[in-house]
Amino acid sequence: MFDMEKITEKTLGGGQVTRDEAIMLYRQPLDELCSAANKIRIHFCDDRFDICTIINGKSGSCSEDCKFCAQSAWNLTCAARYPLLSADEITAQAKINQEQGVLRYSIVTSGKCLSDAEVDEMCAAVRRIRSEVGISVCVSFGLLNEAQYRKLKMAGVTRVHNNLETSRRFFPQVCTTHTYEDKIGAIRAAQAAGLTVCSGGIMGLGETAEDRIDMALTLRELGIKSIPVNMLNPIPGTPFENNSRLTHEDMRRIVAVYRFLLPDASIRLAGGRGLLEDKGESCFISGANAAISGDMLTTSGITVKTDMALMKKLGYKAGLCNE
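As the structure is a prediction and not an experimental result, all values here were calculated from the model. (Residues numbered from 1 in each chain as written. Predicted model: local features only at pLDDT ≥ 70, side-chain atom pairs only at ≥ 80, totals over all residues. Heavy atoms only, no water.)

(A) Representation of the environment of glutamine 98 within the structure. With respect to the helices and strands, glutamine 98 occurs in helix H4 (residues 87-99). Spatially, the C-alpha atom of glutamine 98 lies 9.7 Å from that of threonine 53, the residues being 45 residues apart in sequence. Those residues in contact with glutamine 98 that sit more than four places away from it in its chain are Val133 and Ile135. (Helix = DSSP H or I, 4+ residues; strand = E, 2+ residues; numbered from the N terminus. Contact = heavy atoms within 4.5 Å.)

Take a look at the structure:
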């Protein structure tokens, strides 16, 4: 018989949950599981809550065939298409976010990777943000190499975002134009350049519970401490447009198990949160302790003002969690 109290105490004491234990956790009564996960969150992260925002710095016409993505050139969607935004536009949005109390601001671009010339443009934009605004800057520029990441770090970037999306086993069902090892190689290159990494995935692609657990274990092996947990928003025109939406109970179970596997991480609700009936509130007392606020890349999100009010209601304070 599975002993929830024993596995919780093991985690609180610094022990690592195994794959088999995580599979058993996934099957436990939801309220008991979420209560234990919240206890672990409080122990390792206290009441700190990390809010970040993103800007779609380059949109559409992506060469990659990711089956969930509105920006892929392989998918017939209504997503906007435009080249890199100017430093003026990117800096102006950074100022707005900083004034609202946002801790981190991420520039996200479509495509497999930016060119060297585009990296140089973004370095100039980052230097301007750091000089004029002061907000912490993250970037999501695809599969860059270590030299490019070093340039970005010198410009003032502190973190790189690069989602694994799912497990190694299931990844070929999601994308075929680059590999899981390509993803891991880019993550390790960013780490070698001295940058921290934000990496997670999308739930509801058709993966199993074991796939979700395996992705979390890979993130643990990579030492990732910021874990975006996205819920698929099935976009018309993509191969996954008819996938069933997950429920808030599904998402609570996922973030709770992730808290056991990644006890001191920022588990960050991201895309798709606005589809949940409670906008993710129950997840924030089930193990999650961070969020991407504001609009997503091609879909509407939840305003920073609304998230700040929710954070206050739940007793959180803006701050970073062991990152």
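(B) The side chain of arginine 159, seen in detail. As for its placement among the helices and strands, arginine 159 is situated in strand E4 (residues 157-161). In terms of polar contacts, arginine 159 uses its side chain to reach the side chain of threonine 196, at 3.2 Å. (Polar contact = N/O pair within 3.5 Å; in protein donor to acceptor, adjacent residues only side chain to side chain.)

(C) Broad picture of the pairing of strand E8 (residues 266-269). Of the two faces of E8, the one carrying Ser266 and Arg268 and the one carrying Ile267 and Leu269 are both buried. Pairing between strand E7 (residues 226-231) and E8: four bridges, direction parallel. Following the sheet pairing, proline 228 is matched in E8 by arginine 268. After leaving E7, the chain enters helix H9 (residues 248-261) and then returns to the sheet as E8, a path that is right-handed. (Buried < 20%, exposed > 50% of the residue type's maximum accessible area, 1.4 Å probe, protein only. Pairing = 2+ DSSP bridges. Right-handed = clockwise from strand over helix to strand, strands pointing away.)

(D) Expanded view of empty space enclosed by the protein. Scanning the entire structure with this criterion turns up two cavities of 30 Å³ or more. Here the second largest cavity is characterised by a volume of approximately 50 Å³. In terms of lining, the second largest cavity is formed by Gly60, Ser61, Ala70, Gln71, Ser72, Asn75, Thr77, Ala79 and Arg81. Of the residues that constitute the lining of the second largest cavity, the class distribution is two nonpolar, six polar and one charged. (1 Å grid on protein atoms, 1.4 Å probe; cavity = no way out; pocket = protein on both sides within 12 Å on 5 of 7 lines; lining within 4 Å. Points joined across faces, edges and corners; volume = space filled by probe spheres on them. Nonpolar A, V, L, I, M, F, W, Y, C, P; charged D, E, K, R; others polar.)

(E) Focus on H4. Over its 13 residues, H4 extends 18 Å from the first C-alpha to the last, a length consistent with the 18 Å expected when each residue adds 1.5 Å. Listed as buried for H4 are Ile90, Thr91, Ala94 and Asn97. Down the axis of H4, the buried set is contained in an arc of 120°. They therefore lie on one face. For H4, the secondary structure elements touched by its buried residues are strand E1 (48-58), strand E2 (104-109), helix H5 (116-132) and helix H10 (304-313). Positive phi shows up at glycine 101, right after H4, with a value of about 95°. (Expected span 1.5 Å × (residues − 1). Arc of directions from axis to C-beta.)

(F) Spotlight on helix H2 (residues 19-26). Every buried residue belonging to H2 is among Ala22, Ile23, Leu25 and Tyr26, and all of these are buried. Projected down its long axis, H2 shows its buried positions confined to an angular sector of 160°, all on one face. Looking at the buried side of H2, the elements it contacts are helix H1 (4-12), helix H3 (30-45), helix H8 (209-222) and H9.

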